[in-house]
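# Survey of secondary and tertiary structure
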Amino acid sequence: MTCDTSYDVIVIGGGPAGLAAALSARAEGNVRVLLIERNDSLGGILPQCIHNGFGAVIFGNDLPGPEYAYRYQEQVEAADIDVMLDTMVMDLTPERDLYAMNATHGYLHYRPRSIILAMGCRERTRAQIRLPGSRCSGVYTAGTVQRLVNIEGYMPGRRFLILGSGDIGMIMARRLTIEGAEVVGVLELLPFLTGLRRNFVQCLQDYNIPLHLSTTVSNIIGGQRLEAVETVKVDEELQPIPGSTERIECDSLLLSVGLIPENELSLKAGVHLDPRTGGPLVDSTMATDVPGIYAAGNVTSIYDLVDYVSKAGEVAGRHAARYALEHGTGNGNNATAGRDASKAGAMVAIRPGENVGTVIPQRVRIDTSGNEEVTLMLRPNALIERKVTVELWDGDRPIMSFRENYSRPAEMMVHTLRAKQMQALAEAHEHELTVVIQ
Amino acid sequence: MSFCEQFPVGEQTSDAAGADRDERGSENSEQSIICLRCPRGCEISTTLDGYGGIVEIFGNVCKLGREYVEAEITNPLRILPTSVRVRSGERPLVPVWTPKPIPKGRLMDLARATRSIELEAPVAIGQVVIENWEGLGVDLVTSGAVRRA
Amino acid sequence: MQSRDFDVVVMGAGIVGSMIARALSRYAIRVALVDRANDVGTGASCANSAILHSGHDPSPGSLKAEMNRRGNELWHDLVHELEVGHRWTGAMIIALGDEQLPGLKKLLARGTENQIPGLEIISRAEVLKREPLLTPDVSGALWTPTAGVIDPFGGTVAAAENAVTNGVSLFLNAEIHDALVSDGTLIAVQTTAGEFRARWFINALGVHADDFMHLAGDRPDFAITARRGEYFIFDPNRVQVQNVLFPMPTDKGKGILVSTTAHGNTFVGPNAEEVADKEDTTATRDGMAEILEGGRRLIPSLESRDIIAGFSGVRATGNANRDFVIEISATVGGLLNVAGIESPGYVSAPAIAERVEGLLRNAGLEMVAKNEWNPRRPARPAFKELNHEQRSDLIRRNPNYGRIVCRCENVTEGEIVDAIHSPVPARDYDAIKRRCWLGTGRCQGSFDYPRVMEILSRELDIPMTAVTKKGPGSEFLARTTKG
């Protein structure tokens, strides 16, 4: 097996992060880019997300998922980017040895100058939330059903119950109703909605699908196929309330209980993960702690809107290409190198404090040139239904603050650090700042 | 407890305001509406006069928000995303949607109407599947492409 | 109803039935192996601790002690003949606190009486060196070097495949509903797949062995209690123990253990709950809490968020002094009962088969060895276990191996197609899962369901809506989206 060293940048994953990353990497100059996708088409999860709700930030338009993906796909096809579909990356080393395979070319070995991890995420499953009961047929994750109904063209049942008020669950509740199935309700363990409110309105309320908060599944009943689900109310400590059990007849149970970044390859490459996000620790250039390996999108942390995934991909692509150019190209042409992002200034870490679940990026490269804007993505972990202040603390001193109308775990807070804010970061005393929501 | 009891969405937010409207028709009332025109999902506070007219709105970031609220009060409109069958394609279905919203009450009617449609591959993105459905000025358009098998 | 004639019908295709069928396949006799499920090994054989116990634990002089010791010996060759995934890890019985130390000596004495080789009491420091994640409360351990771990379904399917390749007829979806006894002799059983006539019927029906005895009019006093055991498997990226770790045994059994598996995962379990319904393999909230707590007594760092899968199985505990029953019926002719095969049943299975073979021979069944008998069952390629060069070669020979279906466990389309067309064909999702380990990783099948359904539909030439999770009645799909 010979090692192909001709690529400057290899992007792993052809979803929204990978597509944007490949395009921006290619746009940096004479950069050879390879995009590797496991599926038989580009777009990641978007082709099965046939609902609208994508593109407001990037395209200023409300688009269905397939159309959002199509716009990027067209650009990639026009941009002299090599694409390998139906190809699985099997192994990745800290030295950027990448092993991939497909049925046409067999086993392949590459060593590009930089790599972008854009593997996305996977759904949490029944085992992870330890649902008790029978292991019959009829229990699916919402994303699997979305694929079956929208891509494969099959309905996996007739009468559905949905566990989890995440967006995919609510969107599937509407989707299944539109296709003539009965959706008997959506259960949510927590006392509040975990997905976006707009989806509650347009997916549940509009179709008269009841939502039951503080309720979960206590038993799954059925021999070969699901026959019924037992539900139970929970108290403030999320413990079942005795006597509140109800039996709901249904032949399918959909789980929409969260997403987890997909980082098996990151770990193989020696990339360190943030235990809070479950994804690589990244700086504001989307560089991981392994030189030449970048990461973007849901692989780093679960995003709420695809537009910001694309934006993160753009950042990763740009900097991965610059890294590749600085470290010599296989084409012998290094003319566009020189804009040296990796040497620019010091780093400041940003640690989630009170009411903040996660922060992406976890470190900001100080660049006061005004050329680099940094988008800080915060995921609150507290539901606060009033105006809140987001503050960045340098030791015991707040150095900047932003106002938000509310704090909801379902929605990320987006703040762009421009030259002025960068200056404030540059003047911080501590190497680690704390961000809080108050 | 249902969600509706806990967070009134698109309903009156204050009992007092509701009582005002019931008993003294000319009093103002407040309504909180989540804008569905884009994924941002602004929560728009609207003050209505006793006859359903808008006195004041705030919380929207763009003019689409005002349009949305106006429609929501008089004639709620929604976008329908679904799919239709494809014959001889690489995939059995192509996604479709109504780029312009249709009256909320007609969503399931249109959904049912799409069930019997079958397109012949190849299908391009942006292809009009139904033009001006039932004279409502709304087209059903593909949002994806399917190559011929 | 179709009627078929055999010399021996083995009822129940778990590890015991499959091993018996394989042992009998050596001789020029007509043997049938029948099971009610859509696959072999779907009962206790695929949901147990997967440990090849050394045999230190059973009461000296019992049939269990003899079968365990001999079974462990036989498995040392069988894992090679049948090419089953395994690791001879040895096992440690962990004493906690000074008060449990004397117990280790008693266990050592019992194991020595059972003629188990290599037993040794090791110090606290040595135990912690071998298993650093253990609780600091550990005070010492009994080391049993001959114990190991095995892929439990892999062993069952390998034995059944080897039996089929050597001429045994396998009948699945054959649920027994009647036994025909004539003049005190069992002459036929009636099943949902037709009638089977034979000179000998081997009852290896696991938790239902007593039900069959009663159906045939044998031993009305004998009863089997189903004891459910629940287990959790942990994400190998998060937790890894290197050993098989038992707590000190109690009257109730070997206790909740923490162990590595043949595939290098870590699991914890089982608890032991008597269940009225012998089919009740549901997981319960209380049971889940119990086993996690039990596991933490040995490995305190076990975290519930690192759990990637759970399963449970029922063990068949007989009421005859809790010992194994392996005997020709005293009251019903033509019936040989193998019952009450709870732990250490899996490791004992080859020894049980050897004993059954002897009992039949002594009872006058003519058993002439076949020249063409082949004891070897070659394993099919497991892509995940291969190195880069071997993978490359495999894809060159068959491009199906270049398509990954299960991305957590790196299972390829080639392996799935192989499993569907193997001597004991995998005809549903769970059957493929048990053979290839697909869907057993972090995503638990979310990604592979649609692909596996397509492959099953194509290879078995059935519509997508007829593809099942585990046989008729467990179809995945109700209709087409626009249907």
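Residues numbered from 1 in each chain as written. Chains lettered and ligands numbered in written order. Predicted model: local features only at pLDDT ≥ 70, side-chain atom pairs only at ≥ 80, totals over all residues. Heavy atoms only, no water.

## Quick word on the interface of chain C and chain A
Put simply, the test is: Two residues form a contact once any of their heavy atoms are found within 4.5 Å. Note on definitions: buried area is the accessible-area loss of two parts on being combined, 1.4 Å probe, summed for both. A pair is scored as a salt bridge if a Lys or Arg side-chain nitrogen falls within 4 Å of a carboxyl oxygen belonging to Asp or Glu. Any pair of N or O atoms that falls within 3.5 Å is considered a polar contact. Within protein, one atom must be able to donate a hydrogen and the other to accept it, and sequence-neighbouring residues count only if both atoms are side-chain atoms. Each helix is a run of H or I in the DSSP string that is no shorter than four residues. Each strand is a run of E no shorter than two, and both are numbered from the N terminus. Each residue is assigned to one of three groups, with Ala, Val, Leu, Ile, Met, Phe, Trp, Tyr, Cys and Pro labelled nonpolar, Asp, Glu, Lys and Arg labelled charged, and all others, Gly among them, labelled polar. Pairing between two strands requires that DSSP report at least two bridges joining them.
With 55 residues of chain C in contact, the opposing surface of chain A contributes 52 residues. At the boundary of chain C with chain A, total buried surface from both sides reaches about 4500 Å², with 54% on carbon and sulfur atoms. Here chain C is connected to chain A by one salt bridge. Between Glu179 of chain A and Lys482 of chain C there is a salt bridge; the shortest N-O distance is 2.6 Å. Counting the contacts that link chain C with chain A gives 21 residue pairs in polar contact (both at pLDDT 80 or more). Only helix H7 (285–298), strand E18 (307–318), helix H9 (388–397), strand E21 (404–406), helix H12 (449–460) and strand E23 (479–480) of chain C provide two or more residues apiece to the side of chain C that touches chain A. The biggest single contributor to the side of chain C that touches chain A is E18 of chain C, with six residues. In terms of residue class, the side of chain C that touches chain A is built from 23 nonpolar, 20 polar and 12 charged. In terms of strand pairing, strand E13 (residues 154–155) of chain A meets E23 of chain C through two bridges, oriented antiparallel. Paired with Tyr154 of chain A across the two strands is Thr480 of chain C, which belongs to E23 of chain C.

## Quick word on the environment of Tyr308 of chain A
Residues and elements named next belong to chain A. Stated precisely, the cut-off is as follows: Burial status follows relative accessibility: with a 1.4 Å probe on protein chains alone, a residue under 20% of its type maximum counts as buried, one over 50% as exposed, and anything between as partly exposed.
Its place among the elements puts Tyr308 in helix H7 (residues 306–326). With relative accessibility at 16%, the residue Tyr308 sits in the buried group. Filtering out sequence-adjacent residues up to four positions away, Tyr308 remains in contact with Val57, Tyr303, Met377 and Val414.

## Examining the side chain of Arg198 of chain A
Let me state the cut-off plainly: Residues scored as positive are Lys and Arg, those scored as negative are Asp and Glu, and His as well as the terminal groups of each chain are ignored.
In this structure, Arg198 of chain A sits in helix H5 (residues 197–204). Despite its burial, Arg198 of chain A pairs with no opposite charge; the closest candidate is Asp62 of chain A, at 4.7 Å N-O. Within the local environment of Arg198 of chain A, its side chain forms a polar contact with the backbone oxygen of Leu36 of chain B, the two atoms lying 3.2 Å apart.

## Some details on the pairing of strand E9 (residues 106–110) of chain A
All names here are of chain A. Most of E9 sits out of view: five of its five residues are buried. When strand E1 (residues 3–4) meets E9, the two strands line up parallel, connected through two bridges. Each residue of the ladder has a partner; that of Cys3, found in E9, is His109. As paired elements, strand E8 (residues 98–102) and E9 share five bridges and run antiparallel to each other.

## So, the interface of chain C and chain B
The partner chain B presents seven residues to the four residues of chain C that form the contact. Summed over both sides, the interface of chain C with chain B buries roughly 420 Å², with 42% coming from carbon and sulfur. Where chain C touches chain B, the interface holds zero salt bridges. Here chain C and chain B share three residue pairs in polar contact (both at pLDDT 80 or more) between them.

## Thoughts on the confidence of the model for chain B
What counts, and what does not: Looking at any residue, its pLDDT shows the predictor's confidence there, from 0 to 100.
Scored by pLDDT, chain B has a mean of 80; 79% of the residues are at 70 or more. In the predicted structure, residues 1–25 of chain B sits below a pLDDT of 50 and forms 41 contacts with residues beyond four places in sequence or in another chain.

## Here's the deal with the side chain of Arg174 of chain A
Tracing the backbone shows Arg174 of chain A in helix H4 (residues 167–178). Although buried, Arg174 of chain A forms no salt bridge, and the nearest oppositely charged side chain, Asp206 of chain A, lies 6.5 Å from it. Beyond its immediate stretch of four places on either side in the chain, Arg174 of chain A contacts His51, Gln202, Cys203, Tyr207 and Ile209 of chain A together with Pro81 of chain B.

## Remarks on the domain arrangement of chain C
By a widespread convention, an interface's size corresponds to the accessible area lost as its parts come together. Residues and elements named next belong to chain C. Which entries qualify depends on this criterion: Here the bounds of each domain stem from an automatic or database domain assignment.
When the domains of chain C are assigned, the result is domain 1 (1–87 + 148–224 + 318–379), domain 2 (88–147 + 226–314) and domain 3 (383–466). Taking only C-alpha atoms into account, the centre of domain 1 sits 28 Å from that of domain 2. Counting residues at the interface gives 38 residues for domain 1 and 39 residues for domain 2. Across the domain 1 to domain 2 interface the summed buried area is about 3000 Å²; carbon plus sulfur atoms make up 57%. Sorting the residues of domain 1 by area buried against domain 2 places His56, Asp57 and Arg87 first, and these three jointly supply 24% of that buried surface. The shortest N-O distance in the salt bridge between Glu342 and Arg227 comes to 3.2 Å. For the pair domain 1 and domain 2, the number of links is 13 residue pairs in polar contact (both at pLDDT 80 or more). Breaking the side of domain 1 that touches domain 2 down by element, the ones donating at least two residues are strand E3 (51–52), helix H2 (63–81), strand E4 (86–87), strand E8 (148–150) and helix H6 (209–215). If one sorts the elements of the side of domain 1 that touches domain 2 by residue count, H2 sits on top with six residues. Within the side of domain 1 that touches domain 2, the residues separate by chemical class into 14 nonpolar, 15 polar and nine charged.

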